[in-house]
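In case you want the letters, here they are:
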Amino acid sequence: MNLKTENKQILWNSIVGVLNRVITVILGIVFRKIFIVYLGESLSGLSSLYMNILNFLSIATAGLSVSAMHKIYVCNANEDYEEVRKVEQFTKQFYRAVTIVIFLIGLVFTTILDKMIYNNQYDISFLRMVFLLQVLGECINYWFQSKKVILQAYAENYIISYIEIV
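Below, the structure is looked at part by part.

Analysis parameters
Residues numbered from 1 in each chain as written. Predicted model: local features only at pLDDT ≥ 70, side-chain atom pairs only at ≥ 80, totals over all residues. Heavy atoms only, no water. Axes fitted to C-alpha atoms, helices over the stretch in contact; angles between N-to-C directions. Helix = DSSP H or I, 4+ residues; strand = E, 2+ residues; numbered from the N terminus. Parallel < 35°, antiparallel > 145°, perpendicular 65-115°, else oblique. Left-handed = near helix turned anticlockwise from the far one by under 90°. Contact = heavy atoms within 4.5 Å. Core = buried A, V, L, I, M, F, W, Y, C linked by side-chain atoms within 4.5 Å. Buried < 20%, exposed > 50% of the residue type's maximum accessible area, 1.4 Å probe, protein only. Nonpolar A, V, L, I, M, F, W, Y, C, P; charged D, E, K, R; others polar.

## So, the packing of helix 3 (residues 64-77) against helix 6 (residues 145-153)
- As a packed pair, helix 3 and helix 6 sit with axes 9 Å apart at the nearest point and diverge in direction by 45 degrees. Judged on the interaxial angle alone, helix 6 and helix 3 are oblique. Like other packed secondary-structure pairs, helix 3 and helix 6 cross with a definite hand, here right-handed. Residue-level inspection shows Ser65, Ala68, Met69, Ile72 and Tyr73 of helix 3 in contact with helix 6, the latter providing Gln145, Val149, Ile150, Gln152 and Ala153.

## Quick notes on the nonpolar core
- With 20 residues, the main nonpolar core has Ile72, Tyr95, Ile102, Phe131, Tyr142 and Val149 as its most contacted residues.
- Contributing elements (two or more residues each) for this core: helix 3, helix 4 (81-116), helix 5 (124-143) and helix 6.

## Concerning the packing of helix 3 against helix 4
- Helix 4 packs onto helix 3 with a crossing angle of 165 degrees between their chain directions and a minimal axis gap of 8 Å. As summarised for this structure, helix 3 and helix 4 are arranged roughly antiparallel, according to the angle between their axes. For helix 3 against helix 4, the interelement crossing comes out left-handed. Along the contact surface, helix 3 presents Leu64, Ser65, Ala68, Lys71, Ile72, Cys75 and Asn76, while helix 4 presents Tyr81, Glu83, Val84, Val87, Glu88, Phe90, Thr91, Phe94 and Tyr95.
- Across the contact of helix 3 with helix 4, the residue classes break down as 10 nonpolar, 3 polar and 3 charged.

Here it is, written out as structure tokens:
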């Protein structure tokens with residue numbers, strides 16, 4: 001890739017990335033307001049609790065993406081495409097395993113969810129369903145995380161941004 005093409009790709013990745021973040025922030029504010037107005041502050045607090053649980057569960061992946069991207073960079077520079085394929089395959093298997101573990105732990109948390117909420121005014125089956133939907137959303141992100149790592153390694157972040165915007 002020549003310098004001019006590389007600069008265009010960097011510029012395009014930057015523009016689409018900034019656009020993605022702006023849209024995400026605006027939609028986040030709008031949806032949060034809608035959430036609070038129509039469902040109330042207590043459910044908004046529960047949503048934060050759910051996200052804290054899910055963020056805790058995601059600690060298992062800390063550092064793998066950065067390590068995998070670095071390895072792919074090095075292998076590409078050395079034109080070792082077989083090693084790139086191995087790294088991609090390992091990353092895919094790792095994230096799929098993490099997805100399954102997060103889903104299973106999420107299922108376990110649904111059984112003790114009522115003990116984690118003080119002064120609950122909502123039906124526990126409703127809260128469990130909402131929590132499971134958030135767990136599934138997180139699992140979908142992890143299921144495709146290996147593809148995201150590969151796209152980042154090849155400096156094709158704009159594709160990730162398009163998908164996130166949609």
